[in-house]
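# Observations on chain architecture
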Amino acid sequence: MTKKASSTSLEKLGLHSNLDCILHLPIRYEDETKLSTIAEAVGAFGGMTFQVQGSVVRQEVLFRPRRQLLVVIRDEEGGELFLRWLNFYPSQQKQMALGQHLRVRGEIRDGFYGPEMVHPTVKAVPPSAPLPSTLTPVYSTVAGVGQHIIRQAIHKAFQAPDLQALVQEILPEDVLKEVFLNTSLPTLLSALKTLHQPSKSDDLDSIQNRTHPAWRRVQIEELLAQQISLLQVREKRLARQAVAMQSQPVQSGILDQFLKKLPFQLTNAQAKSWQEILEDLSRPYPMNRLLQGDVGSGKTVVAALAALHCIDHGYQAAIMAPTEILAEQHYRKLSNWLSPLGVEIAWLTGSLKAKEKKEAQEMISSGRAQLAIGTHALIQEGVDFPKLGFAVIDEQHRFGVKQRLQLQQKIDGVEMDCHQLMMSATPIPRTLAMTFYADLEVSIIDELPPGRSPIVTKLVKNERRDELIQGLLAELQKGRQVYWVCPLIEESEVLQLKTAVETHAYLQNALPNVSVGLIHGKLKGVEKNSIMQDFAEGKIQILVATTVIEVGVDVPNASLMIIEHAERFGYAQLHQLRGRVGRGSAESICILLYGSELSLAAKERLQTLKETQDGFIIAERDLALRGPGELLGAKQSGEAMLRFIDLQKEAWLIEKTQQLAKQLLTSYPPIAEKHLQRWLGNRAEYLKA
Ligand code: ADP
Ligand code: MG
């Protein structure tokens, strides 16, 4: 490998400098320090990883059930082990020729022929080859950049003459000590050394499970950078200007009228959230609040109140939703509520005809529209809000960072930011809220409107699909409506569409007197909207759907939901889908159909869904499974910003670090800045959203 080639491949990994290399910490370690006999490995079974060695006594390419390479090794004690490769190169066959001595490392599984390793790591070495004396670090990498290249680069970086200066201690020792009283923390340099090259005497378990003081030090460093950055964002926001709308109604009495006309009373949780928003709106700096409430908790009416308050003060309000269907729902609901009060509403989405679009834009830019509802078409070019005071962004994690920024800039002409309310049905566990949302106030609607019966969730085997028809008819006879959700086929949209069409035909056939509708992602926005409208009006009794209905759709009369191949959906998706029923007073049922081959994870997921309807519990499980990136949307989580910490386990660390960040910003601003640069550099931008 020439020097040049290796440096470009390191660039691919984002490793531009010695410091980058030193901060590129292992994602895990391999323990190659121990050698087991094959008998020991086979005896232990069940997914444990072992390193064994032996000579090849058989090598064969099999063609059933598919082409594969089978190698059998035997060790000195006479134990034999099958090794199997489903993809392989001729060079591997050569490396593992009969009689060759191999050292292999992998997971023991109970295979077709007996205990085996599939795709183990293999080294051709003599039996007496020495074992490493300590853990072997494994680094995250990209295609074409081997582990040895990274290890070499890191090793070299540690030889840099200016190493001490590079990794010089920035944080004042006494402050660190004061905050982390009972935690003994190594210096940063020594922590980094330990993590890249653990020594024999280190506690290897705690290095592997990331509780070693060296990890602690690094976790604190990284978390601290993030917290400082978030606090700075907050300070900047408080320094900006927004319209201060006094909490007292202006003159029109429009809010009272609205509340009087509502067919229901606000729940306590709704009233409390509304008060919190009202207070924020009265401040001269922009609100940045998240209204969080489980599906069906009634966020829309709170948003409507805030919009109306803003209109009452003579400013424009906007409501933006990530999909046409969702935007349409808001439009319909809010028109019903607000048009009778004389509020002028503009409707703007990408699927409008050019002429309609122009009209809507004109209505908005002339200031005639008091409320604008739509998709991200609202923030695209050609839309100017002369007096935007308040904006609602529904399901904000579905928008990209940039899209949200644009909405903020809209008001620049008057040098005012608009107050922003985000709404989300994805409950965010507290640890996440603290780490990623330090600049976000949160209101929580933690009770459902009264009179809702809980949703009964049933797990039913796929083979019994036909038996569902009876129950389905019974529901229809009561005048209720049904969602039938088609399986998710991630590899192929075409296939997914095909199943949806087939299911639609199957139901039409089985129930000739019932009106069955079909909705999927390939339809045009207008078509989708008109189907949803028909369903909302009861003209369609059973709606066969792909996941396009996942978010926000509100048809209270629908009381039965059937989800096919529920095992293919994730926690959040299932929870969202299920939330489409149980919105009226009728008892609702959700049936999760599942296929025959359930993985353990899928089983647990379906069981959890059956047992609880609590979005927070479901979100916690989801977080444990997938990490924050997917829960919040990749960008929002600052991508790989917190790489070293398990937020589930280390909540205490977050609290302490937040305290430290505040202390540094107050007493040692230059240190805070320096620390930020070291850890985030240009990535700090991600957090500004
Ligand atoms: P989400 O929080 O999922 O967006 P919605 O705002 O769509 O929920 O409200 C769900 C349903 O509950 C709607 O039909 C809405 O009109 C109704 N609703 C909202 N608040 C109340 C309440 N306080 N009492 C009764 N029904 C309510
Ligand atoms: Mg909603």
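Residues numbered from 1 in each chain as written. Chains lettered and ligands numbered in written order. Predicted model: local features only at pLDDT ≥ 70, side-chain atom pairs only at ≥ 80, totals over all residues. Heavy atoms only, no water.

## A few points about the pattern of salt bridges
Worth spelling out the cut-off: Salt bridge criterion: a side-chain nitrogen from Lys or Arg within 4 Å of a carboxyl oxygen from Asp or Glu. Segments assigned H or I by DSSP are reported as helices when at least four residues long, segments assigned E as strands when at least two residues long, and all are numbered from the N terminus.
Tallied over the entire structure, the rule returns 27 salt bridges. In this structure, K34 and D31 form a salt bridge, with 2.9 Å as the shortest nitrogen-oxygen distance. Linking K272 and E276 is a salt bridge whose minimum nitrogen-to-oxygen distance equals 3.3 Å. Linking K272 with E276, this pair stays in helix α12 (residues 268-281), spanning four residues, or about one helical turn.

## Here we look at the pairing of strand β11 (residues 316-320)
Heads up, the condition is: When a residue's accessible area, from a 1.4 Å probe over protein chains only, is under 20% of the maximum for its type it is buried; when over 50% it is exposed; and in between it is partly exposed. What makes two strands pair is DSSP finding at least two bridges between them.
Most of β11 is tucked away, with five of its five residues classed as buried. Neither face of β11 is open: one carries Q316, A318 and M320, the other A317 and I319, and all of them are buried. Pairing analysis gives five bridges linking β11 to strand β14 (residues 388-394), with the strands arranged parallel. Note that in β14 the partner of A318 across the bridge is A391. As defined by bridge partners, β11 adjoins strand β13 (residues 371-374) across four bridges and the pair is classed as parallel. Note that in β13 the partner of A318 across the bridge is A372.

## Here we look at helix α25 (residues 651-667)
The following threshold applies: Expected span, for any helix, means 1.5 Å times one less than how many residues it has.
With 17 residues, α25 extends 25 Å between its outermost C-alpha atoms, agreeing within 8% with the 24 Å of an ideal straight helix rising 1.5 Å per residue. Those residues of α25 not exposed but buried are L653, I654, T657, Q658, L660, A661, Q663, L664 and L665.

## With respect to the sheet that holds strand β8 (residues 121-124)
The strands making up a sheet are joined through hydrogen bonds of the backbone, oriented either antiparallel or parallel. The strand order across the open sheet built from seven strands is β6-β7-β4-β3-β2-β5-β8, with neighbouring strands paired in mixed fashion. Of all the strands in the sheet, the pair left with one neighbour each is β6 (109-110) and β8. Alignment of strand β3 (residues 68-74) against strand β4 (residues 80-85), held across six bridges, turns out to be antiparallel. Pairing of V71 across the sheet is with L83, part of β4.

## Some points on the packing of helix α10 (residues 213-239) against helix α26 (residues 669-679)
Heads up, the condition is: Angular values range over 0 to 180 degrees, each being the angle between N-to-C directions of two axes fitted as lines to C-alpha atoms, with helices fitted over their stretch in contact. Should an angle fall under 35 degrees it is taken as roughly parallel, and over 145 as roughly antiparallel, whereas 65 to 115 is taken as roughly perpendicular and any remaining angle as oblique. By convention the crossing between two helices is left-handed if the near helix lies anticlockwise of the far one by an angle smaller than a right angle, and right-handed if it lies clockwise. Whether two residues touch is decided by their heavy atoms; if any such pair falls within 4.5 Å, the residues are in contact. Under this grouping Gly is polar, as are all residues other than the nonpolar Ala, Val, Leu, Ile, Met, Phe, Trp, Tyr, Cys and Pro and the charged Asp, Glu, Lys and Arg.
At a minimum axis distance of 9 Å, the contact between α10 and α26 shows a crossing angle of 115 degrees. Viewed along their axes, α10 and α26 adopt a mutual orientation that is roughly perpendicular. Two packed elements cross with a definite hand, and for α10 against α26 that hand is left-handed. Contact with α10, carried on its side by V218, E221, E222, L224, A225, I228, S229 and Q232, involves A672, E673, H675, L676, R678 and W679 of α26 and no other residues of that element. For the contact of α10 with α26, the class distribution of residues is seven nonpolar, three polar and four charged.

## Focus: the nonpolar core
So the rule is basically this: What is meant by a nonpolar core is a set of buried Ala, Val, Leu, Ile, Met, Phe, Trp, Tyr and Cys residues, joined one to another through side-chain atoms within 4.5 Å.
Membership of the largest hydrophobic core comes to 123 residues, with the highest contact counts inside it found for L192, F258, L338, I364, L371, F390 and L660. It is helix α13 (residues 299-312) that provides the largest number of residues to this core, a total of ten residues. Beyond its immediate sequence surroundings of up to four residues, F390 is in contact with L281, M287, A303, A306, A307, C310, Q316, A317, A318, C418, H419 and L421. Among the nonpolar cores identified, the runner-up in size contains 31 residues, and Y483, V485, A566 and L592 belong to it.

## What about the packing of aromatic side chains?
Selection criterion: Only the six-membered ring of Trp is used, alongside the rings of Phe and Tyr, when aromatic pairs are assigned; centres must lie within 6.5 Å, and planes under 30 degrees apart are stacked while those over 60 apart are edge-to-face, with the rest tilted. The criterion for a charge sitting over a ring is simple: Lys NZ or Arg CZ within 6 Å of the ring centre, and within 35 degrees of the ring normal.
Evaluated as defined, the whole model comprises four aromatic pairs. Their ring planes at 65 degrees and their centres at 6.5 Å tell us that W484 and Y506 sit as a pair that is edge-to-face. Of this pair, W484 sits in strand β18 (residues 481-485) while Y506 is found in helix α19 (residues 493-510), placing the two residues 22 residues apart along the sequence. When the ring centre of W215 is taken as origin, the NZ or CZ atom of R210, which lies over that ring, is 4.7 Å away. Residue placement shows K387 over the ring face of Y315; its charged tip is 4.9 Å from the ring centre.

As far as function goes, none of this settles anything; it's purely spatial.
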